[in-house]
Amino acid sequence: MAEMSDNNLAKTTVTQQAIASCCGAIITSLFVTPLDVIKTRLQAQSNPFYKGKCFVYSNGLMDHICVCDNGDSKAWYKKPGHFKGMLDAFVKITQREGVKSLWSGLPPTLIMALPTTVIYFTCYDQLSEALKSRLGKDDEHIPILAGSLSRFGSVTVVSPLELIRTRMQYRKFSYKQLYLCVSSKVASDGWLSLWRGWSSTVLRDVPFSAMYWYNYEHFKKILCKELGTHETTFFIAFASGAASGSIASVITLPFDVVKTHRQTELWECETLKSAVPQRDSTSTWAVMRKIVAKNGITGLFAGIIPRLFKVAPACAIMISTYEYGKSFFSHLNEKMSQHP
């Protein structure tokens, strides 16, 4: 089993960290996307998607709002299936539509997800190194600070681009029409309108990242100690990533439920030409109260099992492949320094 030194960050460049995170992101999406494609097909079977209806598509890296269009009857989420469950859906989709159908809708979402992941992981490593030089490398607050700040930055940078992507996907705009649409939106509602839905994303993702990185570093140290190694193996990274991702996903689930509710409601109001809800009724806390009033406190934890099945493997695959990539570059740099 390959081993990965904890001193990798001193040996890998920013470019190498970006390449490692990009490779990890692609591998993660290839493994996790089929689960979400099957979940979406099962949803469409039990509750057919009408024009303007929104659903959440996840490639294991990001959640994307997708808007249905009746004009496109060949859309992958509208194909008939008659599935009895996830395993039955997997077999039938593979047999009838081909293996590549399990990755339906993936390429357009990677345009957003890859840059987000690269920014997030590279910034985390760079911030960790900067904080270690100031606070000391054993300070337990470093993963919390670096994880929170890197996620805050990546969400803020990509949020307007994701809004534009969703608008372009639904309206089939040309780039000129898209520019005019965005310009008119900014002129009428201001620049902040491009960050619609940003607050609910930050409320979910920043606490998730803080808990994830803190627990990841903590579990990694425990496993290294238990296994009597000073270096992080692929298995240790994988297990630590799965455990820390599971804990963070359960604790932040209420914010995930609110985020999904707010974004789908706002997009459906726009696409179906209905009245847009007042800001007060769409705030995070207002949506939480509405969900609790309708479904009780358990409503805030709806979908906990599917979320765990999605987040745990995604976190495990992403962090272990990322760490392995950095280890590869670390050893490569070491060899090159020995043989210039």
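Below: a short report on this structure. (Residues numbered from 1 in each chain as written. Predicted model: local features only at pLDDT ≥ 70, side-chain atom pairs only at ≥ 80, totals over all residues. Heavy atoms only, no water.)

With respect to the pairing of strand β3 (residues 63–67)
Note on strand geometry: in a regular strand, side chains alternate between the two faces of the sheet. Most of β3 is tucked away, with 5 of its 5 residues classed as buried. Burial along β3 is two-sided: the face carrying D63, I65 and V67 and the face carrying H64 and C66 are both buried. Relative to β3, strand β2 (residues 54–58) runs antiparallel, the two sharing 5 bridges. Residue pairing in the sheet places C54 in a bridge with V67 of β3. The hairpin turn running from β2 into β3, its antiparallel successor, is 4 residues long, and G60 in that turn takes a positive phi close to 90°. (Buried < 20%, exposed > 50% of the residue type's maximum accessible area, 1.4 Å probe, protein only. Helix = DSSP H or I, 4+ residues; strand = E, 2+ residues; numbered from the N terminus. Pairing = 2+ DSSP bridges.)

Notes on the pattern of salt bridges
Proximity of charged atoms lets side chains of opposite charge pair with each other. Tallied over the full model, the rule gives 14 salt bridges. The salt bridge involving K92 is made with D88; its shortest N-O contact spans 3.1 Å. One end of the pair is K92 and the other is D88, both in helix α3 (residues 86–97) and 4 residues apart, which spans about a single turn. Between R307 and D256 there is a salt bridge; the shortest N-O distance is 3.6 Å. Taken together, the residues span a long stretch of sequence, with R307 in helix α12 (residues 304–338) and D256 in helix α9 (residues 253–271) at a distance of 51 residues. Residue R307 is classed as buried on the basis of its relative accessible area, which comes to 7%. Classification of D256 as buried rests on a relative accessible area of 10%. (Salt bridge = Lys/Arg side-chain N within 4 Å of Asp/Glu carboxyl O.)

Structural notes on a nonpolar patch on the surface
Nonpolar side chains collect at one region of the surface, where L87, F90 and V91 lie side by side and expose about 280 Å² of accessible area between them. Position of F90 among the secondary structure elements: in helix α3. The partly exposed category is assigned to F90, whose relative accessible area is 38%. (Patch = residues over 30% accessible without salt bridge, like charges linked within 9 Å, V, L, I, M, F, W, Y side chains within 5 Å. Areas by Shrake-Rupley, 256 points an atom, 1.4 Å probe, with all protein chains shown as cover.)

Details of helix α8 (residues 234–251)
Between its terminal C-alpha atoms α8 stretches 26 Å, which fits the 26 Å expected from 18 residues at 1.5 Å a residue. Among the residues of α8, I236, A237, S240, G241, S244, G245, A248 and S249 are the ones counted as buried. The arc that holds every buried residue of α8, seen down its axis, measures 165°, which confines them to one face. (Expected span 1.5 Å × (residues − 1). Arc of directions from axis to C-beta.)

These figures come from the coordinates and say nothing about function on their own.
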